[in-house]
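# Structural description and commentary
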Amino acid sequence: MGKLILYGLDASPPVRASLMTLKALDIPFEYKIVDLLNKEHLSEEYCAKNPQHTVPTLEDDGNFIWDSHAIMAYLVSKYGKDDAFYPKDLLKRAVVDQRLHFESGVMFQGGLRNITAPLFFKNETKIPRSKIDAIVDVYNFLELFLKNGPYMAGSHLTIADFSIVSTVTSLVNFVDIEAGKYPKLMAWLKRMETLPYYQETNGKGAQKLKEMIKMKGFTILD
């Protein structure tokens, strides 16, 4: 096994999803902080590793992989004791993949980053109602995903859960999850919080992001 290094910062949901995967697989790794607000991701050294200059980036024995979804699938495929977190069965894998794409395009980009990127990098503190409505749509779909099982892709915990929980626990800074309206989603969140590595890998970083958002302040426009 080569030396694994994860580059990122705790507040980033994709980094947290990757951290959860590493801990769930019980893989030894080194964690190196990359401070986006101080533009460390734009350094020549970091861009040589990841030309998109995003976090997370995984280094495995001199090879570099970026995008949390690619990282998580790679880690399970190469280092997993079995395929439980990312099934080899094509139908089961297709469900996991759909959830990952939903998190990437709809939840993270369409929901969270559309708010946080202008907030942190352009100091745009007024959020249009349409961006809040997009988060409500996300919650509605997640409740449906949980209709036939306790986890996002069915009866077993997968990397889809790691990906989605990292973003859900970030979206709640803008829209609370109503237990009466989303009972399955709330139950799933509580289920995820019982994982022995949850607080270290996601809870701590989610709190950091919450504090960063609170410091910026924001107003929702009707």
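Just so we're clear, the structure is a prediction, and the values are computed from it rather than from any experiment.

Accessible area lost upon the coming together of the parts serves often as the stated size of an interface. Taken domain by domain, the chain consists of domain 1 (4–79) and domain 2 (90–220). For domain 1 versus domain 2, the distance between C-alpha centres works out to 20 Å. With both sides pooled, the region where domain 1 packs onto domain 2 buries about 1,800 Å², and carbon together with sulfur makes up 73% of that total. Considering only the side of domain 1, the residues that lose the most area to domain 2 are Arg-16, Met-20 and His-69, jointly responsible for 36% of the buried surface there. Viewed at the interface, domain 2 and domain 1 are joined by three salt bridges.

Sites flagged by UniProt as "domain: GST N-terminal" (unreviewed entry) map to residues 2–83. In residues 2–83, the share of helix is 38% and the share of strand is 21%. The end C-alpha atoms are 21 Å apart.

Grouped together as the largest cluster of nonpolar side chains are 65 residues, with contacts concentrated most on Leu-142, Ile-159, Phe-162, Trp-188 and Met-192. Contributions of two or more residues to this core are made by strand 1 (4–8), helix 1 (13–25), helix 3 (68–79), helix 4 (90–121), helix 5 (129–145), helix 6 (159–171), helix 7 (183–193) and helix 8 (198–216). Built from parts of two domains, this core gets at least three residues from each of domain 1 (4–79) and domain 2 (90–220). Ignoring anything within four residues of it in the chain, the contact list for Ile-159 reads Thr-21, Met-72, Ala-73, Val-76, Phe-85, Tyr-86, Val-96 and Leu-100.

A few words on the environment of Thr-125. Structurally, Thr-125 can be placed in the loop between helix 4 and strand 5 (126–128). Considered as a pair, Thr-125 and Asn-140 are 15 residues apart in the sequence and their alpha carbons are 26 Å apart. Apart from residues lying up to four places away in sequence, Thr-125 is in contact with Leu-119, Lys-216, Gly-217, Phe-218 and Thr-219.

Buried residues of helix 7: Leu-185, Trp-188, Leu-189 and Met-192, and no others. For helix 7, the angular spread of the buried residues around the axis is 100°, confining them to a single face. Here the buried face of helix 7 lies against helix 1, helix 5, helix 6 and helix 8.

What counts, and where the lines are drawn
Residues numbered from 1 in each chain as written. Predicted model: local features only at pLDDT ≥ 70, side-chain atom pairs only at ≥ 80, totals over all residues. Heavy atoms only, no water. Domains from an automatic or database assignment. Buried area = accessible area lost by both parts, 1.4 Å probe. Salt bridge = Lys/Arg side-chain N within 4 Å of Asp/Glu carboxyl O. UniProt positions renumbered as here; feature names shortened; annotations may be inferred. Helix = DSSP H or I, 4+ residues; strand = E, 2+ residues; numbered from the N terminus. Core = buried A, V, L, I, M, F, W, Y, C linked by side-chain atoms within 4.5 Å. Buried < 20%, exposed > 50% of the residue type's maximum accessible area, 1.4 Å probe, protein only. Contact = heavy atoms within 4.5 Å. Arc of directions from axis to C-beta.

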